Amino acid sequence: MAATAAVSPRTLLSSFHQRFIFTVPAFLNLPASSARCNCRGGKVRLFSAIRCVQSAEEISTATGITTSVSEEIGRRNVIDILEERGLLESLTSDNLRSVSSNSESSPLRVYCGFDPTAESLHLGNLLGILVLSWFHRCGHRVVALIGGATARIGDPSGKILERPELDVETLERNTLGIANTVTRILNSSNSTTSFVVMNNYDWWKEFKLLDFLKQVGRYARVGTMVAKESVKKRLESEQGMSYTEFTYQLLQGYDFLYLFQNHGVNVQIGGSDQWGNITAGTDLIRRTLQPKEGEGGFGLTFPLLLKSDGTKFGKSEDGAIWLSPAMLSPYKFYQHLFSVPDSDVIKFLKMLTFLDMKVVDEMELQMQSPGYLPNTAQKLLAEEVTRFVHGEEGLREAIKATEALRPGAETKLDWKTIEGIAEDVPSCSMAYNEVVNLSVVDLSVSSGLLESKSAARRLMKQGGLYLNNSRVDEESKRIENEDIVDGKLLLLSAGKKNKVIVRIS
Ligand SMILES: Nc1ncnc2c1ncn2[C@@H]1O[C@H](COP(=O)(O)OP(=O)(O)OP(=O)(O)O)[C@@H](O)[C@H]1O
Ligand SMILES: N[C@@H](Cc1ccc(O)cc1)C(=O)O
């Protein structure tokens, strides 16, 4: 991801094409063993059916709960699984249950679209990746579609105001960022994972207005378009709606038609706010191709992931929970999940992890029993989701930082770990000569950690003042050269939560 900063967006786009636009005929026709794509420089198998295997050892280490591995998942109906885990809101037709039951002989082809309106996806968007992954684990084939074209229009769904127009450079950078994120996550969930990432700009860039009006516009009913929730709400607002955003549903609708006709994609999934756009696609397929009953396109929506205050996880003012490690470190990502309230944690274990439901049910029981160690369920949630999003290495990094940054921890701090929390912790800069030989009491005040020397002395007596996570007991303690972590910084903590980083300039 860091590489994105150094190259121009033009280079990015061409590298995007090289890395992510796979040979799609392989998706359609070739057997899994011969269909290959080049991904992250390595050869990735396309569409081999995989089984959901969750290491029982991992689960029992984390929870103390002994579990059996969920071997039957590959044979189960994906719709039943999604329903049981709270990941099913609506289906365009109940026939999807029967057509999804035979993944071995007739796997479904399922897509979910993501508009590149930011450089990374966030925790709310993860639901789309998770649902795709469930289809995949049950033997179906999946496509992640990046909306390089649709992001130029702006999806009005759930938005009170018109979306700001994005410049081409930003769009291209975002497209690459999101493709990277989706690829990394779907790759890391299982080494044999195979999937396709496409960009709808590829078919929209050549589409002429007259052809669009003939092939799409002619089949769209204005009455139906105006009745969509995303349009109705906006027409009632003072600002109204531009013609551009009004046409968004037809673009997403045509994407489904295009993928259906050209790549056999027969299911589109999305959050519940996508219902209007998804049905625009199933309607268009029905009107233009008039398929037989059960052979058209299907739509499936999942509920929005909500915080305990009822607002959705998104790009909100108090900061999104980004999936890209360049925008949010695995440590902070882990901490967000660790902080989920007890009232939500079981729901999130069902929705955001692949843990066997028996494990989740057992955890729910344990939470109500007197011997339950607080936050055990949160720890399991944070570990599972961080592993899925950031891989084993990201999880290791997150656990290491969590442990190291706990006051009183034995783990030796290094500057990288401290830098990992730098964004969330106030910091100040001081010259080496100013710091060395200064008393910890004085430093607590000059760094802004505490208001007065008397407060620092009081806290020290109560055992709450820490230098680099080691408790400071002696009032006479002065900063020595050896206290400066890797010659770069110091971490001062007042209790568990208040910290300050002192950078040596
Ligand atoms: N909290 C959420 N839970 C489930 N799905 C979500 C959530 N937030 C977004 N999505 C889904 O992610 C896709 C992208 O949505 P959208 O572009 O509106 O992103 P967003 O980041 O939520 O926007 P914003 O935060 O600006 O409102 C849609 O399919 C939407 O349903
Ligand atoms: N409309 C979806 C993205 C999307 C774009 C194109 C599609 O074909 C499907 C979905 C969103 O808001 O994120």
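To be clear, the structure that these remarks concern was listed above.
In this report, the structure presented in the accompanying data block is examined. Just so it is clear, the structure is predicted and the values come from calculations on it, not from any experiment.

Calculation rules
Residues numbered from 1 in each chain as written. Chains lettered and ligands numbered in written order. Predicted model: local features only at pLDDT ≥ 70, side-chain atom pairs only at ≥ 80, totals over all residues. Heavy atoms only, no water. Phe/Tyr/Trp six-rings, centres within 6.5 Å; stacked < 30°, edge-to-face > 60°. Lys NZ or Arg CZ within 6 Å of the ring centre and 35° of its normal. Near = heavy atom within 4 Å. Polar contact = N/O pair within 3.5 Å; in protein donor to acceptor, adjacent residues only side chain to side chain. Areas by Shrake-Rupley, 256 points an atom, 1.4 Å probe, with all protein chains shown as cover. Helix = DSSP H or I, 4+ residues; strand = E, 2+ residues; numbered from the N terminus. Nonpolar A, V, L, I, M, F, W, Y, C, P; charged D, E, K, R; others polar. Pairing = 2+ DSSP bridges. Contact = heavy atoms within 4.5 Å. Axes fitted to C-alpha atoms, helices over the stretch in contact; angles between N-to-C directions.

## Let's talk about the packing of aromatic side chains
Here comes step 1: Per the counting criterion, the structure on display carries 12 aromatic pairs.
Here comes step 2: An aromatic cluster of three or more residues is present, and its members are Trp203, Trp204, Phe207, Phe212, Tyr254 and Tyr258.
Here comes step 3: One Lys or Arg, arginine 137, reaches over the ring of phenylalanine 354 and ends 3.5 Å from the middle of that ring.
Here comes step 4: Looking at lysine 488, its charged tip hangs above the ring of tryptophan 415, at a distance of 4.7 Å from the centre.

## With respect to the site of ligand 2
Here comes step 1: Close to ligand 2 lie 13 residues, the nearest being Tyr111, Asp155, Tyr248, Gln252 and Asp255.
Here comes step 2: One nitrogen or oxygen atom from the side chain of tyrosine 111 is found 2.8 Å from an oxygen atom belonging to ligand 2.
Here comes step 3: Contact between ligand 2 and tyrosine 248: a nitrogen atom at 2.7 Å from a side-chain N or O atom of the residue.
Here comes step 4: When the free accessible area of ligand 2 is taken as 330 Å², the share hidden by the protein chains comes to 90%.
Here comes step 5: Every element with two or more residues in the shell around ligand 2 is listed here: β4 (109-114) and α14 (248-263).
Here comes step 6: Grouping the amino acids of the shell around ligand 2 by side-chain chemistry returns 4 nonpolar, 6 polar and 3 charged.

## Some words on the site of ligand 1
Here comes step 1: What surrounds ligand 1 is a group of 17 residues, the closest being His122, Lys159, Asp273, Leu305 and Lys315.
Here comes step 2: Here an oxygen atom of ligand 1 sits 2.4 Å away from a polar atom, N or O, in the side chain of histidine 122.
Here comes step 3: Glycine 124 is positioned with one of its backbone polar atoms (N or O) 3.2 Å from a nitrogen atom of ligand 1.
Here comes step 4: Per element, the largest residue contribution to the shell around ligand 1 is 3 residues, and it comes from helix α6 (residues 123-137).
Here comes step 5: Residues that form the shell around ligand 1 fall into these classes: 6 nonpolar, 6 polar and 5 charged.

## Comments concerning the sheet that holds strand β6 (residues 196-199)
Here comes step 1: One open sheet accounts for 6 strands, arranged β3-β8-β7-β4-β5-β6; its pairing is mixed. With one partner strand each, in any of the chains shown, β3 (90-91) and β6 form the two edges of the open sheet.
Here comes step 2: Sheet contacts for α6: β4, β5 (141-146), β7 (267-271) and β8 (298-302); angle to β4, the most-contacted strand, approximately 170°.
Here comes step 3: In this fold helix α15 (residues 275-289) packs onto β3, β7 and β8, with an angle of close to 170° to the strand it touches most, β8.

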